[in-house]
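Analysis of the macromolecular model
One letter stands for each residue in the lines below.
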Amino acid sequence: MRAHGPAVYRYAWAVADSSEQVDDLVQDTFLVLWRRRRHIALAGDSLLPWLLATCRYAAFNANRRRRRAQTVPLEAVEQFVAHSDDVGTGDDLRWVRDEIARLSERDQRLIHACVVQGRTYEDAARDLEIPAATARKRMQRIRQRLRAAQLKEES
């Protein structure tokens, strides 16, 4: 901690989404080091590269958890758009509904479970009787398809 603490702290500032997160990232990094101290094999003489990578992964995981908790149901977005003079009407999202309607029934059910209901891929996959990895890959392809449709819509 004395040798690499300041460097890890500065790095945590670089990768954190908020200043409140920095101390937790440093603490998590050194806690992982303590827990894995007997199993860490150094590539060189310094532990610093391992600590920085661990800090980066801790930040990714923390950011992912925070973002997952910040999701907004699709109905709330549509309701906001429908009632907002600044954004326009609900017709602005019609292309999204049209693209989703073109998907297979299973993919539509997957989107409903994950996006609308906010369920995890694992839970949705269990209900659809498909592997979780398949659910993740399907959602990745659906997002790509929606991005392509968005670009088409904007041009």
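Below is a summary of the structure that appears in this document. (Residues numbered from 1 in each chain as written. Predicted model: local features only at pLDDT ≥ 70, side-chain atom pairs only at ≥ 80, totals over all residues. Heavy atoms only, no water.)

**Concerning the packing of aromatic side chains**
Taken as a whole, this structure holds two aromatic pairs when the rule is applied. Ring centres of Tyr9 and Trp13 lie 6.5 Å apart, and the angle between their planes is 75°; on these two criteria the pair is classed as edge-to-face. Of this pair, Tyr9 and Trp13 both sit in helix H1 (residues 5-15), four residues apart, roughly one helical turn. With 6.3 Å between their ring centres and 65° between their planes, Tyr57 and Phe60 make a pair best called edge-to-face. Linking Tyr57 with Phe60, this pair stays in helix H3 (residues 48-69), spanning three residues, or about one helical turn. By relative accessible area, which is 48% here, Tyr57 ends up partly exposed. Look at Phe60 and you get partly exposed, because its relative accessible area is 43%. Above the plane of the ring of Trp34 lies Arg37, whose end atom (NZ or CZ) is 3.8 Å from the centre. (Phe/Tyr/Trp six-rings, centres within 6.5 Å; stacked < 30°, edge-to-face > 60°. Helix = DSSP H or I, 4+ residues; strand = E, 2+ residues; numbered from the N terminus. Buried < 20%, exposed > 50% of the residue type's maximum accessible area, 1.4 Å probe, protein only. Lys NZ or Arg CZ within 6 Å of the ring centre and 35° of its normal.)

**A short note on the nonpolar core**
Formed by 16 residues in total, the largest nonpolar core has its most connected members in Leu110, Ile111 and Met139. Once residues lying within four places of it in the same chain are set aside, the contact partners of Ile111 are Ile100, Leu103, Val116, Met139 and Ile142. Judged by nonpolar contacts, the second largest core, of 14 residues, contains Val15, Val26, Phe30 and Leu51. (Core = buried A, V, L, I, M, F, W, Y, C linked by side-chain atoms within 4.5 Å. Contact = heavy atoms within 4.5 Å.)

**Here's the deal with the packing of helix H5 (residues 94-101) against helix H8 (residues 132-154)**
Viewed as axis vectors pointing N to C, H5 and H8 meet at an angle of 140°, and their least axial separation amounts to 10 Å. Taken together, the axes of H5 and H8 are oblique relative to one another. When you trace H5 past H8, the crossing you get is right-handed. Where H5 abuts H8, its residues Trp95, Val96 and Glu99 lie against Arg145, Leu146, Ala149, Gln150 and Glu153. (Axes fitted to C-alpha atoms, helices over the stretch in contact; angles between N-to-C directions. Parallel < 35°, antiparallel > 145°, perpendicular 65-115°, else oblique. Left-handed = near helix turned anticlockwise from the far one by under 90°.)

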